[in-house]
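# Architecture at a glance
If you want the building blocks of each chain, they are given just below.
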Amino acid sequence: MTGALLHERFPEVADALPFVRLGTAPTPVRRCDLGTTAELWCKDESGYGDGGWGGNKVRKLEWLLPEARRRGARTILTVGGTGTNWGLATALYGRAHGIETALALVDQPVDDHVRAQLRRLENSGATLYFTHSKLRTILAAPWLYLRRISAGKRPYLLPAGGSSPVGALGYVEAACELATQVAAGELPEPRHIVTAVGSGGTAAGLALGLRLAGLRTRVVGVVVNDALPLDAQHIVRLAGRTERLLRARGARFAPTGLRPEDVTMTTDWLGPGYGHTTPAAREAEQRAAQAGLHLETVYTAKALAALLSLDQAGVFGAGPVLFLNTYGPRP
Ligand SMILES: *Cc1c(COP(=O)(O)O)cnc(C)c1O
């Protein structure tokens, strides 16, 4: 698949919301045996992305990189933790498409995984600014912006995780893809989809996309970041901004009427904060590894820990429940 399903659904936005395919779609869906009561499925985004890093951020860049071009920007200026998957994906895929990346990096707990990611960032061609804290990043932002302008390049400013309305289109698209897989009988319609929430674009895009695609699947977001407001109200607000973006760029559809009550966000598996691992996450990571699923403890293992625990509490009943594996490391 090379074109976007979203363009098939709304041909009227194809020019105003350009898309570039950066991975191989559709991503696989398969049964996953982790001993849950509910019938468990996994949609595996780990293989998504043809260029040096994969996972959910690639889906956002499929819309953000063409949008940067559309705005005449040659640089993306954005922010992340020192182990940022978002920053690395932006640097690698941006470079392949003629767009430079400048990253403001905020400290996060350092382990081997973060150290390795920082080395990848240093080799990615991105310009790195170590701003350390959220406050110092906010204070430095105008200076960084002006610096990029004086270098002759108007930067495209993007929030952490690429979770702008344009970025969220990546998971509107993924939801359309899932609906196609359900319609083809590859999996039953999930009652719930569980995903990690770091900046909200994935959960918001899914919530909107599932509605547009006519699925009744409920998004359960497992918040792993304490530096951003990521409750149901904020997620649905981002979904609403994404819905308005689609309409502003020409799409015609009835309002989805998405409300905060339509999604579930939980902070119960966050532990001490972003990047701090928890015993439940470590245990879930191990259990997943035994089933051949390679997770990490910042995002995906916390999401799976929540899924396993909610399953035990009977929240998903007999299912089916779908786990979204958003982590896409490359050897
Ligand atoms: C960024 C990230 C997420 C969270 O996605 P958001 O759209 O930022 O909420 C989940 N898993 C992994 C591996 C990520 O890198």
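This text gives an overview of the structure that appears in the document. Keep in mind that this is a model prediction, so the values were computed, not measured.

A few words on the site of the ligand. Not every one of the 15 residues close to the ligand is listed here, only the nearest: Lys 57, Lys 60, Ser 199, Thr 202 and Thr 326. The separation between an oxygen atom of the ligand and a polar side-chain atom of Lys 60 is 2.6 Å. The separation between an oxygen atom of the ligand and a polar main-chain atom of Gly 200 is 2.9 Å. Relative to its unbound accessible area of 380 Å², the ligand is 98% covered by the protein chains. Secondary structure elements with two or more residues in the shell around the ligand: helix 2 (56-70), strand 8 (192-197) and helix 7 (201-212). When residues of the shell around the ligand are assigned to their parent elements, the largest contribution, three residues, is made by helix 2.

As a further point, take the environment of Tyr 274. When you line up the elements, Tyr 274 lands in the loop between strand 10 (264-266) and helix 9 (279-290). We classify Tyr 274 as buried; its relative accessible area is 17%. Residues Tyr 274 and Val 224 lie 50 residues apart in sequence; the distance between their C-alpha atoms is 5.7 Å. In terms of polar contacts, Tyr 274 uses its side chain to reach the side chain of Tyr 299, at 2.7 Å.

Strand 2 (residues 40-44) sits mainly inside the fold: five of its five residues count as buried. Going residue by residue along strand 2, you find Leu 40, Cys 42 and Asp 44 tucked away on one face and Trp 41 and Lys 43 tucked away on the opposite face as well. Here strand 1 (residues 29-31) runs beside strand 2; their pairing, made up of three bridges, is antiparallel. Residue pairing in the sheet places Val 29 in a bridge with Lys 43 of strand 2. Two strands pair when backbone bridges link them, and strand 2 and strand 11 (residues 321-325) are joined in this way by five bridges, in the parallel orientation. Residue pairing for strand 11: Cys 42 is matched across the bridge by Phe 323.

This part takes up the nonpolar core. Val 219, Leu 246 and Met 265 are the most contacted members of the largest nonpolar core, which totals 76 residues. With sequence-adjacent residues up to four places away left out, Leu 246 is seen in contact with Leu 6, Val 13, Leu 17, Leu 169, Leu 208, Leu 212, Ala 251 and Phe 253.

Scoring rules and cut-offs
Residues numbered from 1 in each chain as written. Predicted model: local features only at pLDDT ≥ 70, side-chain atom pairs only at ≥ 80, totals over all residues. Heavy atoms only, no water. Near = heavy atom within 4 Å. Polar contact = N/O pair within 3.5 Å; in protein donor to acceptor, adjacent residues only side chain to side chain. Areas by Shrake-Rupley, 256 points an atom, 1.4 Å probe, with all protein chains shown as cover. Helix = DSSP H or I, 4+ residues; strand = E, 2+ residues; numbered from the N terminus. Buried < 20%, exposed > 50% of the residue type's maximum accessible area, 1.4 Å probe, protein only. Pairing = 2+ DSSP bridges. Core = buried A, V, L, I, M, F, W, Y, C linked by side-chain atoms within 4.5 Å. Contact = heavy atoms within 4.5 Å.

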